[in-house]
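# Observations on the model geometry
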Amino acid sequence: MRDCTIISCLMEQIIYKYMQTETIQRNYGTNIMITQVEIHTIEAIGNCNGISITELAENRHKTKGAVSQLIYRLVKKGLVKKTVSKTSDAQVSLYLTPLGEQAYEGHRKLHQQLNDEIFVALREMPDSTYNDLFVVLKKFERFLDKQIAENK
């Protein structure tokens, strides 16, 4: 009989380690130190120029207050600019500055390098194993979604 707690503990360790990486700072080719949370926010803005703080908060599963504070830091670092929305004077649109675009591109290149090892393993995996892994991860995601929803 399998000891499922081994996989469960491994998944938990991976989550904790991932959470630790959120405070690691890199410069992404800009000579400005940027945390993982900041670069992923830059990525979200770069993927959807003109996004509002509300849309960004929904996209990143964060509160509007947390996103507003994060945007304040990114504006101060010269990576993001806020403009009045074309659709509403009460709303702002977010865009990357040239420096923000440089960080966005540096992050994309870093992902290509970092993901290669994992992507090679996934590509070499038999289809049945890949599909099983996908199913387990989706179930794990639904489990986490349920935990989050129950504690709101």
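Here, the structure is the one placed above.
Summary of the structure given here. (Residues numbered from 1 in each chain as written. Predicted model: local features only at pLDDT ≥ 70, side-chain atom pairs only at ≥ 80, totals over all residues. Heavy atoms only, no water.)

To continue, consider the nonpolar core. Soluble, globular proteins show a tendency: their nonpolar side chains are buried together. Grouped together as the largest cluster of nonpolar side chains are 22 residues, with contacts concentrated most on Ile34, Ile42, Ile45, Leu56, Leu79 and Leu94. Elements with a minimum of two residues in this core: helix 2 (36–47), helix 3 (53–60), helix 4 (64–76), strand 4 (92–96) and helix 5 (98–124). With 5 residues, the top contributor of residues to this core is helix 2. Not counting residues up to four positions away in its chain, the partners in contact with Ile42 are Ile34, Leu74, Leu79, Leu96, Gly100, Ala103 and Tyr104. (Core = buried A, V, L, I, M, F, W, Y, C linked by side-chain atoms within 4.5 Å. Buried < 20%, exposed > 50% of the residue type's maximum accessible area, 1.4 Å probe, protein only. Helix = DSSP H or I, 4+ residues; strand = E, 2+ residues; numbered from the N terminus. Contact = heavy atoms within 4.5 Å.)

Moving on to the pattern of salt bridges. In total, this model carries 4 salt bridges according to the counting rule given. Where Arg108 meets Glu105, a salt bridge forms, and the shortest distance between an N and an O atom there is 2.3 Å. Taken together, the residues Arg108 and Glu105, both in helix 5 and 3 residues apart, mark about one turn of the helix. Classification of Glu105 as partly exposed rests on a relative accessible area of 29%. (Salt bridge = Lys/Arg side-chain N within 4 Å of Asp/Glu carboxyl O.)

Between helix 2 and helix 3, whose axes approach to 11 Å, the crossing angle comes to 120 degrees. Taken together, the axes of helix 2 and helix 3 are oblique relative to one another. Regarding helix 2 and helix 3, the two cross each other, and that crossing is right-handed. Between helix 2, through Val37, His40, Thr41, Ala44 and Ile45, and helix 3, the contact on the second element is made entirely by Leu56, Asn59 and Arg60. (Axes fitted to C-alpha atoms, helices over the stretch in contact; angles between N-to-C directions. Parallel < 35°, antiparallel > 145°, perpendicular 65-115°, else oblique. Left-handed = near helix turned anticlockwise from the far one by under 90°.)

Once that is clear, we can look at a nonpolar patch on the surface. Taken together, the side chains of Ile15, Tyr16, Met19, Phe143, Leu144 and Ile148 present a nonpolar region at the surface, about 560 Å² in accessible area. With respect to the helices and strands, the residue Tyr16 is situated in helix 1 (residues 4–21). (Patch = residues over 30% accessible without salt bridge, like charges linked within 9 Å, V, L, I, M, F, W, Y side chains within 5 Å. Areas by Shrake-Rupley, 256 points an atom, 1.4 Å probe, with all protein chains shown as cover.)

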